[in-house]
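Each chain, written out:
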Amino acid sequence: MGFNCGIVGLPNVGKSTLFNALTATAAAEAANYPFCTIEPNIGRVGVPDIRLDTLAKLAASQKVIPTTLEFVDIAGLVRGASKGEGLGNQFLGHIRSVDAIIHVLRCFEDENITHVEGTVDPLRDKEIIETELMLSDMESLEKRITNLEKKIRAKEADAQTMLSVVQKVLTLLEAGTPGRAFTPTADEKPFFDELQLLTAKPTLYVCNVQEDAAGKGNAHTEKVKAMALKENAKMVVISANIEAEIAQLSEPEQKEFLESMGLHEKGLDRVIHEGYALLGLLTFFTVGPKEARAWTVEKGATAPQAAGKIHSDFERGFICADTIAYDDFVACKGEHGAKEVGKLRQEGRTYKVHDGDVFHFKFNV
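What counts, and where the lines are drawn
- Residues numbered from 1 in each chain as written.
- Predicted model: local features only at pLDDT ≥ 70, side-chain atom pairs only at ≥ 80, totals over all residues.
- Heavy atoms only, no water.
- Helix = DSSP H or I, 4+ residues; strand = E, 2+ residues; numbered from the N terminus.
- Rg over C-alpha atoms; globule rule 2.2 N^0.38 Å.
- Contact = heavy atoms within 4.5 Å.
- Areas by Shrake-Rupley, 256 points an atom, 1.4 Å probe, with all protein chains shown as cover.
- Lys, Arg positive; Asp, Glu negative; His and termini not counted.
- Charge placed at Lys NZ, Arg CZ, Asp CG, Glu CD.
- Phe/Tyr/Trp six-rings, centres within 6.5 Å; stacked < 30°, edge-to-face > 60°.
- Buried < 20%, exposed > 50% of the residue type's maximum accessible area, 1.4 Å probe, protein only.
- Pairing = 2+ DSSP bridges.
- Axes fitted to C-alpha atoms, helices over the stretch in contact; angles between N-to-C directions.
- Parallel < 35°, antiparallel > 145°, perpendicular 65-115°, else oblique.
- Nonpolar A, V, L, I, M, F, W, Y, C, P; charged D, E, K, R; others polar.
- Salt bridge = Lys/Arg side-chain N within 4 Å of Asp/Glu carboxyl O.
- Core = buried A, V, L, I, M, F, W, Y, C linked by side-chain atoms within 4.5 Å.
- Arc of directions from axis to C-beta.

**Describing the overall build of the protein chain**
When its secondary structure is counted, the protein chain shows 14 helices and 12 strands. The C-alpha radius of gyration computed for the protein chain amounts to 23 Å, which stays within 12% of the reference 21 Å derived for 365 residues, consistent with globular compactness. Along the first, second and third principal axes, the C-alpha atoms of the protein chain reach 65 × 65 × 35 Å. In the protein chain, of all internal contacts separated by at least 6 residues, the share reaching a separation of at least 24 is 69%. Accessible area for the protein chain stands at about 18,000 Å²; split by element, carbon and sulfur atoms hold 50% of it. Across the protein chain, the mean location of the 41 positive side-chain charges is 6 Å away from that of the 53 negative side-chain charges.

Right under this line is the structure:
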């Protein structure tokens, strides 16, 4: 479906354990040595949404199909990765292909699990990773400059604008500021997006803690929280070990286990929801007796673009969308009730999708 989050961090911080729990598989080998993940492992997970279950019950749907997010487990980076240390360049290439970054920070002490830097310090670890990403971005931009100068001499359209963007971003990076701090103008944005900077990707910090700190965190997570607030970023505290245990249980057993640990919800649900929000995504629904299904679009998408998520023919031949807001669908106990009280409306080609819209698309090809 095209939206994915790359899980990154230093070796032995719990990335693969988190990935295994997210995808409820043992596809990524979790071992106590660096580089146990050589190729990025990919898994798709359903986005938990209680609204979908409610809609399915109201419509007596035979099947319930959630929308999904893709998670990519990327092998551990180390200091010097931008210069090829460890398996650096290969891993940096994997990060470049994802839409957002889940940055796992080790916030637990365990003498049985080696830390590549010798001690546990999540802020230092974060700086190591970010420095490597910035160095890689700088190298990428510097390579562009000579080629762009040639294009300017050849009077190629837009080359000057691109060079200006490259130089502005390079100045930021050289000052130790990541690319996401750059605010492009409307004219600059397409050129900035084309650069595909590692440090411009939206980032969620995940603090991996020991089991007894899963509810309230610890001194390490407080430091990360302060850093995230300063960056206007999001952070989630979880215990990857707990999540791995929960992933192997049935739903009733999961609830009982969470209660026994004094937890209200799975940490993974928070990771998935925050990852979804990080990508600027919305959910819309299609509901009927055969199936209730959640779909994903980016914020700002129009009704035809939403229809195209189901099938390209729906977008090409779009006529209109019968639309009911989720709250109205529930309050009216379904489509028929919503229609009777005038809560079903027909929206055209310019309609912007709202989170929770229930659609029935009309099209003609």
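**Looking at the environment of Glu-127**
Relative to the elements of secondary structure, Glu-127 occurs in helix H4 (residues 122-153). As for Glu-127 and Leu-258, which are separated by 131 residues in sequence, their C-alpha atoms are 33 Å apart.

**Notes on the packing of aromatic side chains**
Tallying each qualifying case throughout the model produces nine aromatic pairs. Between the aromatic rings of Phe-284 and Phe-361, the centroid separation amounts to 6.1 Å while the plane-to-plane angle is 85°, which identifies the pairing as edge-to-face. Of this pair, Phe-284 sits in strand S8 (residues 281-287) while Phe-361 sits in strand S12 (residues 358-363); the two residues are 77 residues apart in sequence, bridging distant segments of the chain. Here the two residues Phe-284 and Phe-361 agree in accessibility, since each one is buried. For the ring pair Phe-285 and Tyr-326, a centre distance of 6.5 Å and an interplane angle of 45° mean the geometry is tilted. Here Phe-285 is found in strand S8, whereas its partner Tyr-326 is found in helix H13 (residues 326-331), with 41 residues between them in sequence. Across the pair, Tyr-326 and Phe-285 agree in class, each one buried.

**Here we look at the sheet that holds strand S5 (residues 100-106)**
Strands sit in the order S2-S4-S1-S5-S6-S7 across an open sheet of six strands; the sheet is mixed. The two strands at the open ends of the sheet, each matched to only one other strand, are strand S2 (41-46) and strand S7 (234-238). For this sheet the average axis-to-axis angle between neighbouring strands, irrespective of direction, equals 25°. As paired strands, strand S6 (residues 203-208) and S7 are joined by five bridges and run parallel to one another. In the strand pairing of S7, Asn-208 is matched with Ile-238. Set on the sheet, helix H7 (residues 219-231) makes contact with S5, S6 and S7; between it and S6 the angle comes to about 170°.

**Focus on the packing of helix H8 (residues 240-247) against helix H9 (residues 251-260)**
Contact geometry for H8 and H9: axes closest at 9 Å, N-to-C directions at 150°. Regarding the angle of H8 to H9, the classification is roughly antiparallel. Across from Ile-242, Glu-245, Ile-246 and Ala-247 in H8, the residues of H9 making contact are Gln-254, Phe-257 and Leu-258. Partitioning the contact of H8 with H9 into residue classes produces five nonpolar, one polar and one charged.

**Remarks on the pattern of salt bridges**
Applying the stated criterion to the full structure yields 18 salt bridges. Between Asp-269 and Lys-266 there is a salt bridge whose closest N-O contact spans 4.0 Å.

**Thoughts on the packing of H4 against H7**
In contact at an axis separation of 9 Å, H4 and H7 are set at 45° when each is read in the N-to-C sense. With respect to H7, the axis of H4 lies oblique. Facing Pro-122, Leu-123, Lys-126 and Glu-130 of H4, the residues of H7 in contact are His-220, Lys-223, Val-224, Met-227 and Glu-231. Taken together, the residues that form the contact of H4 with H7 break down as four nonpolar, one polar and four charged.

**Some thoughts on the nonpolar core**
Formed by 37 residues in total, the largest nonpolar core has its most connected members in Ile-7, Leu-18, Leu-22, Leu-69, Phe-71, Ile-95 and Val-206. The contacts of Leu-22, once residues within four sequence positions are left out, are Ile-7, Val-45, Phe-71, Leu-268 and Ile-272.

**Notes on unusual backbone geometry**
In the Ramachandran plot, Asp-158 falls in the positive-phi region, its phi being about 75° despite a non-glycine side chain. For Asp-158, the location among the structural elements is in the loop between H4 and helix H5 (159-174). The partly exposed category is assigned to Asp-158, whose relative accessible area is 49%. For Asn-232, which is not glycine, the phi dihedral falls at a positive 60°. You can see Asn-232 is positioned in the loop between H7 and S7.

**With respect to H8**
Among the residues making up H8, those that are buried are Ala-240, Ile-242, Glu-243 and Ile-246. All buried residues of H8 project into a common sector of 155° when viewed along the axis, lining one side. Looking at the packing, one finds that the buried side of H8 touches helix H1 (15-23), S6, S7, H9 and helix H10 (267-278).

**Some remarks on the pairing of strand S4 (residues 68-73)**
Within S4, five of the six residues are buried, leaving the element largely enclosed by the surrounding structure. Sheet analysis places strand S1 (residues 4-8) next to S4, joined by four bridges and oriented parallel. Bridging from a neighbouring strand, Cys-5 pairs with Phe-71 of S4. Pairing geometry for S2 and S4, over six bridges, is antiparallel.

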